[in-house]
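Here's the letter readout for the chains.
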Amino acid sequence: MIVYKTEEDIELIRQSALILSKAHGEIARVIKPGISTLQLDKLAEEFILDNGGKPSFKNYNGFPYSLCISVNSVVVHGFPGNYVLNDGDIISVDGGVYKNGFHSDCAYTHAVGEVSPEVQKLLEVTKQSLYLGLEKAIAGNRLGDVSYTIQEYVEANGFTVVRELVGHGIGRNLHESPEVPNYGKRGQGVKLQNGLVIAVEPMVNLGGRHIVQEEDGWTIRTKDNKPSAHFEHTIVIRKDKPEILTTFDYIEQAKKS
């Protein structure tokens, strides 16, 4: 069942999303060769708690960390650990914040130092596919319009969309209906209505679209071990254009400083 949010609900999600967006900015400041992924996780958890939120992911279905940190060929759900970032890596940082009874969710894939031109293009195309999809996320359209737009742009640029993993509704629960695939057909799926809050999150592979799950039961990796990128926003459906509740502005500011 889809739960549409009131304006009061949306304001509370907006507050959660602001903490999350700022936490992403704090992480972006320190992503560089030599830092471990576990250090990033601890930094995010401290920032979220200090600002009155709770990490949505920690202990969610047994997940033991505050962030999903996925490096290079890991698509999503990677465990933070002792891995130290190297020049040329890419790292997806995916986090959530719970505050005032509501969740938010946001992800960004960073280049560490200098990456190859094809990997840089992967990052740019994945990020752009998110925003192109969001242009279709307006009241009156269908969910398939968003999904198709993401898939069409990704594949036109020579990359592939992961199909087994999808975006989702979000609110009082971290994962709600409807599912938000990154592939599909125009004019199909749920009709988008004002007050629907969803997390849209393209997961795009440099090579083939197929994935495998590692023995930890969480980490998802590309089957061909080629790099994968992931960008995500929490948004609310509106009449003329979506309201993007999370923002990458703090990340972009940190990268310039």
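Worth saying up front: this structure is predicted, and the values here are computed from it rather than measured.

Asks: Can you lay out the packing of aromatic side chains for me, pointing to particular residues and giving the numbers?
Replies: Here the structure, examined in full by the defined rule, presents eight aromatic pairs. For the ring pair Y131 and F248, a centre distance of 6.2 Å and an interplane angle of 90 degrees mean the geometry is edge-to-face. Taken as a pair, Y131 in helix α3 (residues 117–135) and F248 in the loop between β15 (243–244) and α5 (249–256) lie far apart in primary sequence, 117 residues in all. Ring geometry for F231 versus F248: centroids 6.1 Å apart, planes at 65 degrees, classification edge-to-face. Separated by 17 residues along the polypeptide, F231 in the loop between β13 (228–230) and β14 (233–236) and F248 in the loop between β15 and α5 bring together distant segments of the chain. Residue F231 is classed as buried on the basis of its relative accessible area, which comes to 2%. Look at F248 and you get buried, because its relative accessible area is 3%. Through successive ring pairs, a cluster of aromatic residues spans F63, Y65, F79 and W218. Lying across the ring of Y183, R163 places its NZ or CZ 4.6 Å from the centre.

Asks: Can you break down unusual backbone geometry residue by residue, with the values?
Replies: The residue after S177, namely P178, is reached through a cis peptide bond having omega 0 degrees. As for its position among the elements, P178 is in strand β8 (residues 176–180). The phi angle at N100 is positive, at roughly 55 degrees, despite the residue not being glycine. For N100, the location among the structural elements is in the loop between β4 (90–99) and β5 (102–111).

Asks: Mind laying out empty space enclosed by the protein, listing which residues take part and the relevant values?
Replies: Applying the stated criterion across every chain, the model contains one cavity of 30 Å³ or more. Taken as a whole, the largest cavity holds about 30 Å³ of empty space. The wall of the largest cavity is formed by L20, A23, H24, I27, A44, L67 and V93. Here the element with the most residues in the lining of the largest cavity is helix α1 (residues 7–30); it accounts for four residues. Residues of the lining of the largest cavity, tallied by class, amount to six nonpolar, one polar and no charged.

Asks: Please set out helix α2 (residues 37–50) residue by residue, giving values where relevant.
Replies: Taking 1.5 Å of rise per residue, 14 residues should cover 20 Å, and α2 covers 20 Å from first to last C-alpha, within 8% of that figure. Those residues of α2 not exposed but buried are T37, L40, D41, A44, E45, F47 and I48. In an axial view of α2, the angular spread of the buried residues amounts to 165 degrees, which keeps them on one side of the axis. Facing away from the buried side of α2, by more than 90 degrees, are the exposed residues E46 and D50. Those residues of α2 that are buried are in contact with α1, β1 (54–55), β2 (67–71) and β4.

Asks: Tell me about the state of the cysteines, and please be specific about residues and values.
Replies: Under the defined criterion, the tally for this structure stands at zero disulfides. The cysteine C68 is free of any disulfide, with C106 supplying the nearest cysteine sulfur at 13 Å. For C68, a relative accessible area of 6% puts it in the buried group. Residue classification places C106 among the buried residues on the basis of a relative accessible area of 0%.

Asks: Pulling in residues and values, what's your account of the sheet that holds strand β6 (residues 160–161)?
Replies: Taken in spatial order, the three strands make up an open sheet running β6-β10-β13, and their pairing is antiparallel. Two strands in the sheet have a free side with no partner beyond their single neighbour: β6 and β13. In this structure, strand β10 (residues 203–205) lies alongside β13, joined through three bridges in antiparallel fashion. What sits directly across from V204, in β13, is A229. Set on the sheet, α3 makes contact with β10 and β13; between it and β13 the angle comes to about 35 degrees.

Thresholds applied
- Residues numbered from 1 in each chain as written.
- Predicted model: local features only at pLDDT ≥ 70, side-chain atom pairs only at ≥ 80, totals over all residues.
- Heavy atoms only, no water.
- Phe/Tyr/Trp six-rings, centres within 6.5 Å; stacked < 30°, edge-to-face > 60°.
- Helix = DSSP H or I, 4+ residues; strand = E, 2+ residues; numbered from the N terminus.
- Buried < 20%, exposed > 50% of the residue type's maximum accessible area, 1.4 Å probe, protein only.
- Lys NZ or Arg CZ within 6 Å of the ring centre and 35° of its normal.
- 1 Å grid on protein atoms, 1.4 Å probe; cavity = no way out; pocket = protein on both sides within 12 Å on 5 of 7 lines; lining within 4 Å.
- Points joined across faces, edges and corners; volume = space filled by probe spheres on them.
- Nonpolar A, V, L, I, M, F, W, Y, C, P; charged D, E, K, R; others polar.
- Expected span 1.5 Å × (residues − 1).
- Arc of directions from axis to C-beta.
- Contact = heavy atoms within 4.5 Å.
- Disulfide = S-S within 2.5 Å.
- Pairing = 2+ DSSP bridges.
- Axes fitted to C-alpha atoms, helices over the stretch in contact; angles between N-to-C directions.

Worth remembering: the numbers are spatial, not functional.
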